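Structural description and commentary
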Amino acid sequence: MRGLAVAQAELTSFDRQFHARCALQRPDRYRLLDALPVDAPRIARGGGVSYVGASFGDGVVSQSLDAFDRLLAFDAAAGRLTVEAGARIGDLQRFLLGRGWYLPVTPGHPRATVGGCIAADVHGKNPARDGTFRAWVDALVVHRPGEEPRVADRTHDADLFAATFAGFGLTGTISSATLRLARPPHALVLRRVPVASLAEAARVLREAANAPVLYGWHDGGAAHFGRGVVNIGLASSEDDEGAPRVPPASADLPAQVAPLPFPLWNRAGLGTANRWLDWRWRRAGQAPMALAEALFPLNRARLYFAGFGPAGMAEAQWLVPHPRFEAFAAGLAELVTRTRPRIALIASKLFAGVADGFSFDGSGIALAIQVASPGSPGERAFLEALAELAVAHDGRPNLIKDSTLDAGMARRAVSGFDAARARRARHDPHRLHGSELARRLAL
């Protein structure tokens with residue numbers, strides 16, 4: 001039911017680490033965003049694909065923005081799009097690519113919404129070249145209880161504008177945004193560069209910093225730790241006219257992937273998968289790559305996510321400065337050899353930005369490490385030791401991806417944590433916006 005009614009719903013984070021029976025409202029008019037009592041705690045909910053509990057929490061009303069998905073204005077000459085915050089990224093790319101434009105920075109899940117991308121300040125396929133989502137937003141509109149909507153950009157209400165990126169919905173409900181677009185590559189060719197270690201991957205990533213698509217895949221097992229391939233997507237003049245630019249919405253990864261009744265990613269399963277990936281992809285060469293594959297790689301990962309089983313997964317994502325990365329990678333290899341965690345995947349990316357507030361940005365190499373059954377003692381101990389190792393090497397965590405961090409570690413790991421927290425409080429002094437993420441990290 002849409003409108004004012006508030007119902008109870010079972011909500012789960014994408015990594016399956018947080019479950020809660022929560023109050024859920026599905027407003028379909030702007031006035032209904034303010035239909036709750038003015039002092040009622042609330043949080044906006046977009047596609048519901050956050051790895052952590054960022055859009056729900058105990059004692060908080062989740063306000064779904066499903067109905068707020070309209071395109072409000074499109075300037076086909078200048079490459080500007082104004083859109084409501086509930087619009088899904090996959091739908092936007094389908095619309096834009098048919099008109100000669102696209103969003104260069106998008107997360108891997110096509111059901112993520114524009115509001116969610118702003119609230120998380122997501123990164124895309126090469127953050128060193130394209131920056132994070134904030135680089136492509138010209139203005140946004142924020143609703144707060146009992147107030148008129150506020151339009152913010154880099155010159156007008158600039159503090160609210162800055163605080164809303166990686167603000168996790170805690171500065172107010174984002175209702176719309178104006179996005180700056182880019183011309184898409186005519187076509188892509190994927191060049192594969194095998195690497196023997198994370199340190200070698202870092203060197204290859206730095207050398208290919210201007211590629212439209214740039215990321216590495218690495219084996220997380222102790223026997224071949226760090227071995228993998230760096231994928232470099234380069235613009236090409238050759239186009240496959242018969243290939244769809246973006247697959248239909250029916251091909252999009254679901255917001256929640258039903259788990260297999262048993263964990264496929266046990267030690268034997270992970271060993272088999274890594275051997276297959278090594279045989280299939282870890283070899284030099286190049287081949288055409290569909291733009292859809294580059295934009296939304298998770299569409300091919302249904303079995304992968306289902307394979308974590310009911311216990312789910314956790315992703316630890318750390319950005320380590322260039323001067324400290326080789327020492328960090330060596331320490332990580334030693335930690336994996338000693339603790340032998342069930343790592344399903346390690347991905348590497350290059351960053352060349354500046355961190356602001358709670359954002360996941362800076363200059364260095366980022367590793368995303370996905371661990372099966374994170375609640376088990378061995379995996380929990382590994383994730384805790386990983387956090388200590390990363391902090392010792394000036395690593396910065398991605399708060400919107402890591403469900404294993406607590407408030408103490410977040411404060412230690414995020415430089416300027418208290419200043420960012422104070423800025424959030426200036427824009428929500430009565431703390432009317434909250435979530436499981438905000439509670440866990442004391443945001």
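Structure first, text after, so check above.
A brief structural summary. (Residues numbered from 1 in each chain as written. Predicted model: local features only at pLDDT ≥ 70, side-chain atom pairs only at ≥ 80, totals over all residues. Heavy atoms only, no water.)

**Topic: the overall build of the protein**
- The helix and strand inventory of the protein stands at 14 helices and 17 strands.
- Here the C-alpha radius of gyration of the protein, 21 Å, is about what a compact globule of 443 residues would show, namely 22 Å.
- Seen through its principal axes, the protein has C-alpha atoms that stretch 60 × 50 × 45 Å.
- Carbon together with sulfur atoms contributes 55% to the accessible area of the protein, which is approximately 17600 Å² in total. (Helix = DSSP H or I, 4+ residues; strand = E, 2+ residues; numbered from the N terminus. Rg over C-alpha atoms; globule rule 2.2 N^0.38 Å. Areas by Shrake-Rupley, 256 points an atom, 1.4 Å probe, with all protein chains shown as cover.)

**Quick look at the layout of surface pockets**
- Approximately 380 Å³ is the volume attributed to the second largest pocket.
- Class assignment for the residues of the lining of the second largest pocket results in 6 nonpolar, 5 polar and 7 charged. (1 Å grid on protein atoms, 1.4 Å probe; cavity = no way out; pocket = protein on both sides within 12 Å on 5 of 7 lines; lining within 4 Å. Points joined across faces, edges and corners; volume = space filled by probe spheres on them. Nonpolar A, V, L, I, M, F, W, Y, C, P; charged D, E, K, R; others polar.)

**Some words on the pairing of strand β10 (residues 187-195)**
- In terms of burial, β10 is a largely internal element, 7 of the 9 residues being buried.
- Two elements, β10 and strand β12 (residues 228-236), share 9 bridges in a ladder whose sense is antiparallel. When the sheet's bridge partners are listed, V193 is paired in β12 with V230. (Buried < 20%, exposed > 50% of the residue type's maximum accessible area, 1.4 Å probe, protein only. Pairing = 2+ DSSP bridges.)

**Brief notes about the pairing of strand β1 (residues 6-12)**
- Note that β1 and strand β2 (residues 19-25) share 7 bridges and pair antiparallel. Among the inter-strand pairings, E10 is bridged to a residue of β2, identified as R21.
- Between β1 and β2, which follow one another and run antiparallel, lie 6 residues, and R16 among them has a positive phi close to 70°.

**Notes on the packing of helix α10 (residues 322-339) against helix α11 (residues 377-392)**
- Contact pair α10 / α11: the axes reach a minimum separation of 10 Å and the direction vectors enclose 160°. Judged by the inter-axis angle, α10 sits roughly antiparallel to α11. For the crossing formed where α10 meets α11, the hand is right-handed. For the pair formed by α10 and α11, the contact residues are R324, F328, G331, L332, L335, V336 and T339 on the first element and F382, A385, L386, L389, A390 and A392 on the second. (Axes fitted to C-alpha atoms, helices over the stretch in contact; angles between N-to-C directions. Parallel < 35°, antiparallel > 145°, perpendicular 65-115°, else oblique. Left-handed = near helix turned anticlockwise from the far one by under 90°. Contact = heavy atoms within 4.5 Å.)

**Observations concerning the sheet that holds strand β3 (residues 42-45)**
- Taken together, 4 strands build an open sheet; the order of strands is β1-β2-β4-β3 and the sheet is mixed. One side of each edge strand has no neighbouring strand; the edge strands of this open sheet are β1 and β3. In this sheet, neighbouring strand axes are inclined to one another by 40° on average, regardless of whether the strands run parallel or antiparallel.

**Structural notes on helix α6 (residues 198-207)**
- Among the residues making up α6, those that are buried are L198, A199, A201, A202, V204 and L205.
- Each element contacted by the buried residues of α6 is listed here: β10, β11 (213-218), β12, α10, β15 (343-352) and β16 (363-372).

**Considerations on unusual backbone geometry**
- Positive phi outside glycine occurs at A166, with the angle close to 55°.
- With relative accessibility at 2%, the residue A166 sits in the buried group.
- With phi around 65°, D394 is a residue other than glycine that occupies positive phi space.
- Mapped onto the secondary structure, D394 falls in the loop between α11 and β17 (396-397).

**Section: the environment of F74**
- Structurally, F74 can be placed in strand β5 (residues 71-75).
- What makes F74 partly exposed here is its relative accessible area of 30%.
- For the pair F74 and L179, spaced 105 residues apart in the sequence, the C-alpha separation amounts to 9.6 Å.
- Here F74 is in contact with R80, L81, F95, L96, R99, W101 and L181, once residues within four sequence places are set aside.

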